[in-house]
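# Summary of structural features
Below, each chain spelled out in residue letters.
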Amino acid sequence: MSTTDLPASHAELMDGVYRWQRHIYDLTRKYYLLGRDRLIAGLDVPAGGTVLELGCGTGRNIILAARRYPGARLFGLDISAEMLETATAALAREGLSGRVTLARGDATDFDAKALFGVESFDRVFVSYSLSMIPGWEKTVSAALAALSPGGSLHVVDFGQQEALPSWFRKLLRGWLKKFHVEPREVLRDVLESESARVGASLRFRTLYRGYSWLAVIKIAI
């Protein structure tokens, strides 16, 4: 999918939300996007492996992954040109421009070969993006389709805060709504269904009393 084919309304919405927010995004989000570092630590990228982040945003996660897995080739996809501008600058500052390739695209429908020149990936991860993507279920399907045999999809996102006080849940939901973020109540159901569809295994964990959900879908070799 070319940039001219991107869903204009969502791309424009994300650019509008993050045109200024991107400058303080990492500083503020570290307090409530919990579980991201645990996801990266669990990628267990094979030597010389390929890693794709869907919804790479400012590049924060992909930079940490590049440091942790120095032999890996990394790729990032985002629909927001504003976020990609910030990510590109961050990668340059870290001296990682040669190891990480970024592209603008729709996470629900992308052509990895056309965007990155890569047929498939050993690891694909999505960190706090499914809760922002319209038609997010298609992102799960697209991510699984982009995996190599034996590869895995790693997801971390907001849970349902099931073991936290109701007032906290209400406060959090109100805050997230300001940024067009909606925790996906049926996330586990969709991941289970997609895992069964492709004959993959699913590991699903609840973190911080339901604040976050962390999942890994592993494709059979």
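Residues numbered from 1 in each chain as written. Predicted model: local features only at pLDDT ≥ 70, side-chain atom pairs only at ≥ 80, totals over all residues. Heavy atoms only, no water.

## Describing the overall build of the chain
Looking only at helices and strands, the chain has nine helices and seven strands in total. Across the 221 residues of the chain, 53% fall into the buried class. Across the chain, every contact between residues at least 6 apart in sequence was considered, and the portion connecting residues at least 24 apart equals 74%. As presented, the chain carries roughly 10,300 Å² of accessible surface, and 54% of it is formed by carbon and sulfur atoms. (Helix = DSSP H or I, 4+ residues; strand = E, 2+ residues; numbered from the N terminus. Buried < 20%, exposed > 50% of the residue type's maximum accessible area, 1.4 Å probe, protein only. Contact = heavy atoms within 4.5 Å. Areas by Shrake-Rupley, 256 points an atom, 1.4 Å probe, with all protein chains shown as cover.)

## Overview of the packing of helix H7 (residues 136–145) against helix H9 (residues 187–198)
Where H7 contacts H9, the two axes come as close as 11 Å, and the packing angle between them is 35°. With respect to the hand of their crossing, H7 and H9 are arranged in right-handed fashion. Contacts from Trp-136, Glu-137, Val-140, Ser-141 and Leu-144 in H7 reach Leu-187, Val-190, Leu-191, Glu-194, Arg-197 and Val-198 in H9. Counted by class, the contact of H7 with H9 contains seven nonpolar, one polar and three charged residues. (Axes fitted to C-alpha atoms, helices over the stretch in contact; angles between N-to-C directions. Left-handed = near helix turned anticlockwise from the far one by under 90°. Nonpolar A, V, L, I, M, F, W, Y, C, P; charged D, E, K, R; others polar.)

## Concerning the packing of aromatic side chains
Under the definition given, this model contains nine aromatic pairs. When the ring of Tyr-128 is compared with that of Phe-158, the centres are 4.7 Å apart and the planes differ by 75°; the resulting orientation is edge-to-face. Taken as a pair, Tyr-128 in the loop between strand E4 (121–127) and H7 and Phe-158 in strand E5 (residues 147–158) lie far apart in primary sequence, 30 residues in all. Neither residue differs from the other here; Tyr-128 and Phe-158 are each classed as buried. Seen from their ring centres, Phe-168 and Tyr-211 are 6.2 Å apart, and the 50° between their planes marks the pair as tilted. In this pair, Phe-168 sits in helix H8 (residues 166–177) while Tyr-211 sits in the loop between strand E6 (201–207) and strand E7 (212–218), placing the two residues 43 residues apart along the sequence. (Phe/Tyr/Trp six-rings, centres within 6.5 Å; stacked < 30°, edge-to-face > 60°.)

## Things to note about the sheet that holds strand E1 (residues 50–54)
Reading across from one edge, E3-E2-E1-E4-E5-E7-E6 is the order of the seven strands in this open sheet, with mixed pairing throughout. Pairing within the sheet leaves two strands with one partner each, and these edge strands are strand E3 (100–104) and E6. Going across the sheet, the axis of each strand differs from the next one's by a mean of 15°, ignoring polarity. Sheet topology note: the strand E2 (residues 73–78)/E3 ladder contains five bridges and is parallel. Note that in E3 the partner of Leu-74 across the bridge is Val-100. (Pairing = 2+ DSSP bridges.)

## Focus on the confidence of the model for the chain
Looking at the chain as a whole, the pLDDT averages 89, with 86% of positions reaching at least 70. Overall, residues 22–31 carries pLDDT values under 50, and its contacts beyond four positions in sequence, including any with other chains, amount to 16 contacts. (pLDDT = per-residue confidence, 0-100.)

## Focus: H7
Among the residues of H7, those classed as buried are Trp-136, Thr-139, Val-140, Ala-142, Ala-143 and Leu-144. Summarising the contacts, the buried residues of H7 are in contact with E1, E4, E5, H9 and E7.

## Some details on the pairing of E6
Two elements, E6 and E7, share seven bridges in a ladder whose sense is antiparallel. Bridge pairing links Leu-202 to Ile-217 in E7. Hairpin connection between E6 and E7: a loop of four residues separates the two successive antiparallel strands, and Tyr-208 in this loop has a positive phi of roughly 50°.

## Thoughts on helix H4 (residues 60–68)
Burial in H4 covers these residues: Asn-61, Ile-62, Ile-63, Ala-65 and Ala-66. In this structure, the buried residues of H4 make contact with helix H3 (36–41), E1, E2, helix H5 (81–93), E3 and E4.

## Comments concerning the nonpolar core
In this structure, Leu-52, Leu-54, Phe-121 and Leu-153 are the most contacted members of the largest nonpolar core, which totals 33 residues. At the level of secondary structure, the elements contributing two or more residues to this core comprise E1, E2, helix H6 (112–116), E4, H7, E5, H9 and E7. Of all the elements, H7 adds the most residues to this core, at five residues. Among residues more than four places away in sequence, those in contact with Phe-121 are Thr-50, Val-51, Leu-52, Phe-75, Ala-112, Phe-116, Ala-146, Leu-147 and Ser-148. Formed by 30 residues, the second largest nonpolar core is a distinct cluster that contains Leu-43, Ala-72, Leu-74 and Val-156. (Core = buried A, V, L, I, M, F, W, Y, C linked by side-chain atoms within 4.5 Å.)

## What to know about the pattern of salt bridges
Tallying each qualifying case throughout the model produces six salt bridges. Two residues, Glu-192 and Arg-188, come together in a salt bridge whose shortest N-O distance is 3.4 Å. Residue Glu-192 and its partner Arg-188 are both found in helix H9; the two are separated by four residues, about one turn of the helix. On the basis of relative accessibility, which here comes to 37%, the residue Glu-192 falls in the partly exposed class. Here Glu-194 and Arg-197 are joined by a salt bridge, their closest N and O atoms 2.7 Å apart. One end of the pair, Glu-194, and the other, Arg-197, are both in helix H9, three residues apart, so they sit about a helical turn from each other. The exposure class of Glu-194 is buried, given its relative accessible area of 10%. (Salt bridge = Lys/Arg side-chain N within 4 Å of Asp/Glu carboxyl O.)

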